[in-house]
Amino acid sequence: MKYLFIHQNFPGQYLHIVQHLAKQKDNEIVFISQPSNARIQGVRSVFYQVPEPAKGLLAPLGELDLAIKRGDAVYQTTKTLKNLGFIPDIIIGHQGWGEMLNLQDIYPDVPVLSYTEFYYHSSGLDVDFDPEFPADEMLPARVRIKNTINLVSATNPGWGQTPTLFQHSTYPDWAQKKITILREGVNLEKCSPNPSIYKSDLELKDFVVKPEDKLVTYVARGLEPYRGFHIFMRALPRLLQERPDVKVVMIGRDQVSYGASLESGMSWRDYMLKEVHNKLDMSRVHFSGQVPYNVFNSVLKRSDAHIYLTYPFVLSWSLREAMAIGCPIIASDTQPVQEFIANRVTGILTPFLDHDALTDRILEVLEDKKLAQSIRKAARAEAERSLSMDEYMNNYETLIDDLIHRRTPSLNLGNSPADRALQNFKK
């Protein structure tokens, strides 16, 4: 079987499926991306030239300009592949950045599977969710323009796939009819509980968590409001005051992955430290930055209370991994999280905007060992039922096979974790 993958970054969210397919005999995989040093055995990397942004364009028009340029660059790259004799059985790629725009002109008879990540809304989801950061009057107009590539891609030939009910629901009704909810899995062996880790020190450079310490963890790609960083920071003063045995580890970079940067150029970490620094014992708070996966994994396995907060937006992989590890999770009661966490079964849900409520819930988990242990066991059990990487790969191959053989795919592949957790709890 011949596969053509396309993603701005190699391998992007296609790491697991590409590795899985590359291990199978007789598969030929070509991956088009921007230049990268990453390599996967059995995968041929082909790079397209990174386009230069146009000067002086407003943000949504600048994004559209770059998307069109990426589409042109990938068109030329794909045309060369075809001229060299490469005809894929299926094309798989992310449709949000423009690379997939013109593929039907090169391979009109090849099925296309697009990753449909998120359809932007000018109200009701992330844009106007946090009253602390009100939108300017022209933001709704800019958000509508951001959907241009989404809309063109949705009218192109092909099928879509998205990992959650929430993400599926963001798309217009007419588009949802061609998007499969393909629920993602995690490596249940790597992400598994390890009770013995509590018996020894956890060392993060010069920051040490002793066996007698209570560890509260927070993870986000970027320390920013979209992932509730500001809320968590405001929860810390009372938490540290009431529990002298608590230490806090925050994993994430000083960057903005989603939402707006501060006009001053200051990082959100510096901004929030300016607000709460005098109220914190900084000897008990550690900002680790970006860490290797094994360090991330160890920190979660040692966690006594793991915090996951998000606007109504795309869910982080780290929540799935935290469930599989069996963390006692305290998470925001926002739509994407509600799909995964059954309140007081596989985690505790708390109002996103209420930092006092977050502190209360963290203290509750730290003080109620029976509750914490119940959440640990239920989260791990739910991960084993509905977050299996093997099941995810099998469902992915089913979707691919349906498209290659011109069968209409199922709109639902996998199970919604929170629904199943509640069903089992009621039994």
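Presented here is an overview of the structure given in this document. No experiment lies behind these values; they were computed from the predicted model shown. (Residues numbered from 1 in each chain as written. Predicted model: local features only at pLDDT ≥ 70, side-chain atom pairs only at ≥ 80, totals over all residues. Heavy atoms only, no water.)

**Topic: the overall build of the protein chain**
Selection criterion: The way it works is that DSSP assigns letters per residue, a run of H or I at least four long becomes a helix, a run of E at least two long becomes a strand, and they are numbered from the N terminus. The globule rule used for comparison is 2.2 Å times the number of residues to the exponent 0.38, while the radius of gyration itself is calculated over C-alpha atoms. Working rule for contacts: check all heavy atoms of both residues, and any pair within 4.5 Å makes them a contact. Here, Shrake-Rupley sampling with a 1.4 Å probe gives the accessible areas, and only protein chains in the shown set may cover a residue. His is not counted, nor are the chain ends; Lys and Arg add positive charge and Asp and Glu add negative charge. Charged groups are reduced to one reference atom each: NZ for lysine, CZ for arginine, CG for aspartic acid, CD for glutamic acid.
A count of helical and extended segments in the protein chain gives 15 helices and 16 strands. Radius of gyration (C-alpha) of the protein chain: 22 Å, near the 22 Å computed for a compact globule of 427 residues. The C-alpha extent of the protein chain, read off along each of the three principal axes, is 65 × 50 × 40 Å. Counting contacts in the protein chain only where the partners sit at least 6 residues apart, residues at least 24 apart contribute 69% of the total. When the accessible area of the protein chain is evaluated, it comes to approximately 19,400 Å², of which 50% is carbon and sulfur surface. The positive charge centre, built from 48 side chains, and the negative charge centre, built from 51, are 4 Å apart in the protein chain.

**Brief notes about helix α7 (residues 229–242)**
Put simply, the rule is: What a helix should span is 1.5 Å times the count of its residues minus one. Here the bend at each residue means the angle between axes fitted to two seven-residue stretches, the one ending at that residue and the one beginning there. In this scheme, a residue with accessible area under 20% of its type's maximum is buried, one over 50% is exposed, and one in between is partly exposed, where area comes from a 1.4 Å probe on protein chains only.
Here α7 is 14 residues long and its end C-alpha atoms lie 21 Å apart, about the 20 Å a rise of 1.5 Å per residue gives. The sharpest bend along α7 measures roughly 35° and falls at Leu 236, with the proline Pro 237 sitting one to four residues further on. For α7, the buried fraction is high: 11 of the 14 residues fall into the buried class. Listed as buried for α7 are Phe 229, His 230, Ile 231, Phe 232, Met 233, Arg 234, Ala 235, Leu 236, Pro 237, Leu 239 and Leu 240.

**Observations concerning the side chain of Thr 334**
What counts is decided by this rule: Here a polar contact means two N or O atoms within 3.5 Å. Within protein one must be a hydrogen donor candidate and the other an acceptor candidate, and residues neighboring in sequence count only if both atoms are side-chain atoms.
Looking at the element boundaries, Thr 334 is found in the loop between β14 (329–332) and α11 (335–338). In terms of polar contacts, Thr 334 uses its side chain to reach the backbone carbonyl oxygen of Thr 310, at 3.0 Å. Contacts of Thr 334, omitting those with residues within four sequence positions, involve Phe 129, Thr 310, Tyr 311, Pro 312 and Phe 352.

**Regarding the layout of surface pockets**
For clarity, the threshold we go by: A cavity here means a set of points on a 1 Å grid, drawn over the protein atoms and nothing else, where a 1.4 Å probe fits but cannot get out; a pocket is an open set with protein on both sides within 12 Å along at least five of seven lines, and a residue lines either one if it has an atom within 4 Å of a point. Grid points are joined across faces, edges and corners, and a volume is the space filled by probe spheres set on the points.
Taken as a whole, the second largest pocket encloses approximately 460 Å³ of empty space. Val 112, Asn 156, Pro 157, Gly 158 and Trp 159 are, among the 30 residues lining the second largest pocket, the residues nearest its centre. Elements supplying a minimum of two residues to the lining of the second largest pocket: β5 (112–115), α4 (148–155), β6 (159–162) and α6 (173–176). It is α4 that contributes the most residues to the lining of the second largest pocket, 3 residues altogether.

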